[in-house]
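Residue-level listing of the chains:
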Amino acid sequence: MKVLVTGANGYIGRAARLTLTDAGHEVVSAVRSLDRLPPGRRAGAVAVGPVDAATDWRAALEGIQAVLHTVAPPLLDKNEAAQRNEASQVIVAGTERLLDQSIAAGVERFVYLSSLKAMGEESGVRPLTESDTPAPRGVYAEAKLTAERCVLARTPGAVVVRSPAVYGRSSSGNLRQMIDFLRHAPAILPLGYSGNRRSFIHRANLVSALVRCIEAPEAAGRTFLVSDGDALSTDALVRRMLRALGRRAWVLPVPGVFLSALAGARMGPESARRLVQSYAVDDRAIRTGLGWQPPLDGDQAMADAVLAGPDPCL
């Protein structure tokens, strides 16, 4: 197929471009500016400028059969008014504009990469499923859900993929902070809390799921949750990271209230919440419905994530 990847210079988009090419697809990379690409990556790339309600995608959409839309603006460093404006312009209006022009161009499959945040911030005692009622909190999550609903309502060939936290080689975020901490942490770690479960996904596993959604006819019109497979307690996550790092440490069992207080003092209340609350998904729908299996198991994925060096997808 001829596939347009938006956000092709981003962390997910770079890997998607390579995986699709390796699978035999012809990839057109949509980027904001060609100046941001090294000369060797400019072939097959189209500059579209800022993503908003006025973006002209027509040149990028010539002959395209499938679109993988991965664009998502970083909003964390902006005040609430700026966040709301950018989320409205990029996530909602930008997606609607791309969808309108994709439909006009005869695109058969539109895969939208969304976020688990569209469903809320925690799962409670059981993992989230696609049938649960979304309860987004915050500007980003609300915009993602709005864009999801627009995509699914407008074209029968649409697919929505809701992803939990993504990690991998050269990733950022809370998992990267924990990996970096454990790389040089003391031999006794008061991080052994087992009362929660959280889902994560390695970039290679996420991209594999996205490619499957592009290729599988039976994916049309559906929403899928994805993950590495096994939701982990904080204790299990720390132990997996230590194994990947080749480190030995005593992970001291602690109650949630202690871990929350400790993390809150060092990392802030949001990171503390993530260490003790559950945020797990049940991804059986994509596994049974599309026959998808992640190419990396949990230990393989973490072993890749802890490796130092540049992003292999650059």
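Residues numbered from 1 in each chain as written. Predicted model: local features only at pLDDT ≥ 70, side-chain atom pairs only at ≥ 80, totals over all residues. Heavy atoms only, no water.

*Asks:* Explanation requested: the layout of surface pockets in the structure shown.
*Replies:* Gaps left between atoms show up when a probe the size of a water molecule is rolled over them. Quantified by volume, the second largest pocket comes out at close to 270 Å³. Around the second largest pocket, the lining is made up of 14 residues, and of these Phe181, Leu191, Leu262, Arg266 and Met267 lie nearest the centre. Of all the elements in the fold, those that place two or more residues in the lining of the second largest pocket are helix H4 (174-183), strand E8 (188-192) and helix H7 (256-267). A per-element tally of the lining of the second largest pocket places H7 first, with 5 residues. Among the residues forming the lining of the second largest pocket, the class breakdown is 12 nonpolar, 1 polar and 1 charged. (1 Å grid on protein atoms, 1.4 Å probe; cavity = no way out; pocket = protein on both sides within 12 Å on 5 of 7 lines; lining within 4 Å. Points joined across faces, edges and corners; volume = space filled by probe spheres on them. Helix = DSSP H or I, 4+ residues; strand = E, 2+ residues; numbered from the N terminus. Nonpolar A, V, L, I, M, F, W, Y, C, P; charged D, E, K, R; others polar.)

*Asks:* Looking at this structure, I do not really get the packing of helix H6 (residues 234-245) against helix H10 (residues 298-305). What am I missing?
*Replies:* Helix-helix packing is characterised by the crossing angle of the two axes and by the distance between the axes. It is the contact of H6 with H10, at a shortest axis distance of 9 Å, that shows an interaxial angle of 60°. Taken together, H6 and H10 sit at an angle that is classed as oblique. Relative to H10, the crossing made by H6 is right-handed. Contacts from Leu237, Arg240, Met241, Arg243 and Ala244 in H6 reach Gly298, Asp299, Met302 and Ala303 in H10. The residue inventory of the contact of H6 with H10, partitioned by class, reads 5 nonpolar, 1 polar and 3 charged. (Axes fitted to C-alpha atoms, helices over the stretch in contact; angles between N-to-C directions. Parallel < 35°, antiparallel > 145°, perpendicular 65-115°, else oblique. Left-handed = near helix turned anticlockwise from the far one by under 90°. Contact = heavy atoms within 4.5 Å.)

*Asks:* Quick question: what am I supposed to make of the pattern of salt bridges here?
*Replies:* On inspection of all chains with the given rule, the structure shows 17 salt bridges. Between Arg14 and Asp311 there is a salt bridge, with its nearest N and O atoms 2.6 Å apart. Separated by 297 residues along the polypeptide, Arg14 in helix H1 (residues 11-22) and Asp311 in the segment after H10 bring together distant segments of the chain. Here Arg14 falls in the buried class, since its relative accessible area comes to 11%. Of the residues examined, Asp311 reaches a relative accessible area of 7% and is grouped as buried. (Salt bridge = Lys/Arg side-chain N within 4 Å of Asp/Glu carboxyl O. Buried < 20%, exposed > 50% of the residue type's maximum accessible area, 1.4 Å probe, protein only.)

*Asks:* Quick question: what am I supposed to make of the nonpolar core here?
*Replies:* Here is a general trend for soluble globular proteins: nonpolar side chains tend to be buried in one another's company. Ranked by internal contacts, the top residues of the largest apolar core, which has 35 residues, are Val5, Val111, Leu206, Leu210, Cys213, Phe224 and Ile286. Elements with a contribution of two residues or more to this core: strand E1 (2-6), H1, strand E2 (26-31), strand E4 (66-69), strand E5 (109-115), strand E6 (158-163), helix H5 (203-215) and helix H9 (284-290). With residues up to four places along the chain from it excluded, the contact list for Leu206 reads Ile12, Leu113, Val161, Ser163, Val166, Ile201 and Val226. Counting 28 residues, the second largest nonpolar core, distinct from the first, contains Ala30, Leu61, Val107 and Ala143. (Core = buried A, V, L, I, M, F, W, Y, C linked by side-chain atoms within 4.5 Å.)

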